[in-house]
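# Geometric and topological summary
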Amino acid sequence: MDAKQIVGILDEKGEVSLDTWKAVSVKKNKDGTVDVLYKNLHVGTDEDPVFLWIYANIVEEDWDVRVLERITFKREDLAWLLRYVVKKGEGL
């Protein structure tokens, strides 16, 4: 299943409306999951965009994509989160 098919299935299932969200990146993982990053077309600006990240399971035999997790965030949220991610071997 290629990236366009994955995005199309999520749109058809009503998981993500392509009228509202534009897929900007699709990353297939070795474990049969996929990460899809969308940018909102109506909320936010080019300087301060709103993103949607979807983590989903690809079910090839059913020709399906099942959402496992979804998070909506702004760039400033990501910067805040990265400041508090603990590096391996370091404590809080």
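Right above here is the structure, for reference.
Now for a description of the structure that goes with this document. (Residues numbered from 1 in each chain as written. Predicted model: local features only at pLDDT ≥ 70, side-chain atom pairs only at ≥ 80, totals over all residues. Heavy atoms only, no water.)

Let us now look at the pattern of salt bridges. A full pass over the atoms with the stated rule returns seven salt bridges. When the shortest N-O distance is used, the salt bridge between arginine 70 and glutamate 15 registers 3.0 Å. Within this pair, whereas arginine 70 is found in strand 4 (residues 64-74), its partner glutamate 15 is found in the loop between helix 1 (3-12) and strand 1 (21-28), the two being separated by 55 residues in sequence. Judged by relative accessible area, arginine 70 falls into the partly exposed class, the value being 35%. (Salt bridge = Lys/Arg side-chain N within 4 Å of Asp/Glu carboxyl O. Helix = DSSP H or I, 4+ residues; strand = E, 2+ residues; numbered from the N terminus. Buried < 20%, exposed > 50% of the residue type's maximum accessible area, 1.4 Å probe, protein only.)

The subject of this paragraph is the pairing of strand 3 (residues 49-59). Most of strand 3 is tucked away: eight of the 11 residues are buried. Relative to strand 3, strand 2 (residues 33-44) is paired through eight bridges, and the arrangement is antiparallel. When the sheet's bridge partners are listed, aspartate 35 is paired in strand 3 with tyrosine 55. Following strand 2, the chain reverses through four residues before pairing antiparallel with strand 3. Both strand 3 and strand 4 contribute to a ladder of 10 bridges, which runs antiparallel. Looking at strand 4, one finds that isoleucine 58 is bridged to valine 65. The loop that links strand 3 with its antiparallel partner strand 4 comprises four residues; one of these, tryptophan 63, has a positive phi angle of about 50°. (Pairing = 2+ DSSP bridges.)

Spatial relationships are all this shows, so hold off on functional conclusions.
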